[in-house]
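# Tertiary structure, described
In case you want the letters, here they are:
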Amino acid sequence: MPVDDPYLVRPAAGVYAYVQPDGGWCLNNAGFVSDGGRTLLVDTAATERRALALREAVVSTGVPLPRTVVNTHHHGDHTYGNCVFTPEALVLGHDNARTEQLAAGHQLEMIWPATDFGAMDITAPDLTYSDRATVHVGGTEVQVLHPGVAHTTGDSVVWLPRQRVVFTGDLVFAGGTPFLAMGSLTGSLRALELLRSLDAETVVPGHGPLTDPSAYDSTERYLRYVAELAREGAAEGLTPLEVARQADLGEFAAWRESERLVANVHRAYAELAGKPEGAPLDIPAVLADMTLMNGGRPIPCHA
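Conventions we followed
- Residues numbered from 1 in each chain as written.
- Predicted model: local features only at pLDDT ≥ 70, side-chain atom pairs only at ≥ 80, totals over all residues.
- Heavy atoms only, no water.
- Salt bridge = Lys/Arg side-chain N within 4 Å of Asp/Glu carboxyl O.
- Helix = DSSP H or I, 4+ residues; strand = E, 2+ residues; numbered from the N terminus.
- Pairing = 2+ DSSP bridges.
- Axes fitted to C-alpha atoms, helices over the stretch in contact; angles between N-to-C directions.
- Contact = heavy atoms within 4.5 Å.
- Core = buried A, V, L, I, M, F, W, Y, C linked by side-chain atoms within 4.5 Å.
- Buried < 20%, exposed > 50% of the residue type's maximum accessible area, 1.4 Å probe, protein only.
- Expected span 1.5 Å × (residues − 1).
- Polar contact = N/O pair within 3.5 Å; in protein donor to acceptor, adjacent residues only side chain to side chain.
- Parallel < 35°, antiparallel > 145°, perpendicular 65-115°, else oblique.
- Left-handed = near helix turned anticlockwise from the far one by under 90°.
- Nonpolar A, V, L, I, M, F, W, Y, C, P; charged D, E, K, R; others polar.
- Phe/Tyr/Trp six-rings, centres within 6.5 Å; stacked < 30°, edge-to-face > 60°.
- Lys NZ or Arg CZ within 6 Å of the ring centre and 35° of its normal.

## Focus: the pattern of salt bridges
Between side chains of opposite charge, a pair can form when the charged atoms approach closely. Using the criterion set out here, one finds twelve salt bridges in the structure. As a salt-bridge pair, Arg164 and Glu201 come within 3.0 Å of each other at their nearest N and O atoms. Placement of Arg164 in the loop between strand E10 (157–160) and strand E11 (165–173) and of Glu201 in the loop between helix H6 (185–198) and strand E12 (202–207) is noted, with a sequence separation of 37 residues between them. As a salt-bridge pair, Arg256 and Glu257 come within 3.6 Å of each other at their nearest N and O atoms. Sharing partners across several salt bridges, the network here consists of Glu193, Arg196, Asp217, Glu220 and Arg224.

Next up, the structure:
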């Protein structure tokens, strides 16, 4: 593990967030809920080594290994480690998350061939839902909510109403740049309204340290900033790369993965052109533009 090892935070009794610093590419957060007899895990990890470390972190708290794993979306940093917890655990996700994960396959290895992901079998959700699902872990109610197309077409929010803790998946990046290439800008704004309606006290983002609902406001400002950049750039006939290169990031300049701006402008352009939310983009072209935004250097995998 790097110097900044993963760590556990307990925001409420029986509720743990598993944070992987620095929250960059492929360093996602996970978490688990347990009554001491049963455990539910939210997301896994990108590599075999990191998924096994997550497994050990669960064991270290004295609770059983999970019988249920909830995936907040299909991306490999949140799902590759499913195979470490199955077949003992049932994997739950949105209908589209299963479809997208099976379609993506070993996509991370194609993007980052030099990264040692280990022996990871693609393990898609066994149980899927379309709108909402509820899992009871002893006396803890775990609501799994689909916010619509946002970060991807198959996102899930995991909400603990009694503890007022929400696991947002990649609807929120604490200190990191949102990534809309496989989702929707408009839908992401709607998803923030769903998150606000929950009135959570503790927000466990998909990446980065635990935060609070103020993260919704900064995320919204960024999304509206991207929308305005795209409207102006489209009116001037600029490409997404030209728009991103000319942009003044202002308050967002310190956020990780600033190269994602060009991907987000690609998504905004697609929506301005009337394409459906979540309509597939040319991902190799988007990745190529992000590489150019990264000074021509390949985007680093932090796992």
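## Description of the sheet that holds E11
Spatial ordering of the open sheet is given by E8-E9-E10-E11-E12, a layout of five strands whose pairing is mixed. The open sheet terminates on both sides in strands that have one partner only, identified here as strand E8 (132–137) and E12. Between one strand axis and the next, the sheet turns by 25° as a mean value, whatever way the strands run. Pairing of E8 with strand E9 (residues 140–145), which is carried by six bridges, proceeds in the antiparallel orientation. In the strand pairing of E9, Thr134 is matched with Gln143. Strands E11 and E12 of the sheet are contacted by helix H7 (residues 214–236), whose axis makes an angle of about 20° with E11.

## Things to note about the nonpolar core
Nonpolar side chains in soluble globular proteins tend to end up buried together. Core analysis: the largest hydrophobic core is formed by 73 residues, its most contacted members being Val166, Leu195 and Leu261. Here this core takes nine residues from H7, the largest share from any one element. Residue contacts for Leu195: discarding those within four places in its chain leaves Val157, Val166, Thr168, Leu171, Val172 and Tyr216. Ranked by size, the runner-up nonpolar core spans 19 residues in total, among them Val15, Leu92, Val158 and Val165.

## Digging into the sheet that holds strand E4 (residues 39–42)
Across the sheet, which stays open at both edges, the seven strands sit in the order E1-E2-E3-E4-E5-E6-E7 with mixed pairing between neighbours. Single-partner strands in this sheet number two, and they are strand E1 (7–12) and strand E7 (127–129). Between one strand axis and the next, the sheet turns by 20° as a mean value, whatever way the strands run. Alignment of strand E5 (residues 68–70) against strand E6 (residues 90–94), held across three bridges, turns out to be parallel. Bridging from a neighbouring strand, Val70 pairs with Leu92 of E6. Along the sheet, helix H1 (residues 48–60) makes contact with E1, strand E2 (15–19), strand E3 (30–34) and E4, crossing E2 at roughly 150°. Packed on one face of the sheet, helix H4 (residues 95–104) meets E6 and E7 and runs near 105° to E6.

## Details of H6
In a regular helix each residue adds 1.5 Å, so 14 residues correspond to 20 Å; H6 covers 21 Å between its end C-alpha atoms and thus fits that length. For H6, the elements touching its buried residues are E9, E10, E11, H7 and helix H9 (260–272). Where H6 begins, the capping side chain belongs to Ser184, and its oxygen is found 3.3 Å from the backbone nitrogen of Thr186. Two residues or fewer past H6, Asp199 is found with a positive phi of approximately 60°.

## A word on the packing of H6 against H7
How two helices pack is summed up by the angle between their axes together with the distance between the axes. The interhelical angle for the contact between H6 and H7, taken along N-to-C directions, is 160°, at an axis separation of 10 Å. As summarised for this structure, H6 and H7 are arranged roughly antiparallel, according to the angle between their axes. For the pair H6 and H7, the crossing hand works out as left-handed. Contacts from Leu185, Ser188, Leu189, Leu192, Glu193, Leu195 and Arg196 of H6 reach H7 at Tyr216, Asp217, Thr219, Glu220, Leu223, Arg224, Val226 and Ala227. Here the contact of H6 with H7 is composed, by residue class, of eight nonpolar, two polar and five charged.

## Some points on the packing of aromatic side chains
Scanning the model with the defined rule gives nine aromatic pairs in all. Ring geometry for Trp25 versus Trp112: centroids 5.9 Å apart, planes at 55°, classification tilted. Taken together, the positions of Trp25 in the loop between E2 and E3 and Trp112 in the loop between helix H5 (107–111) and E7 put the pair 87 residues apart, joining distant regions of the chain. Here Trp25 and Phe179 contribute two aromatic rings whose centre-to-centre distance is 5.4 Å and whose plane-to-plane angle is 80°, an arrangement assigned as edge-to-face. Of this pair, Trp25 sits in the loop between E2 and E3 while Phe179 sits in the loop between E11 and H6, and the two are 154 residues apart along the sequence. Overall, Trp25 belongs to the buried group, its relative accessible area being 10%. Under the relative-accessibility criterion, Phe179 is labelled buried at 11%. The ring of Trp25 carries the charged tip of Arg260 above its face, separated from the ring centre by 4.0 Å.

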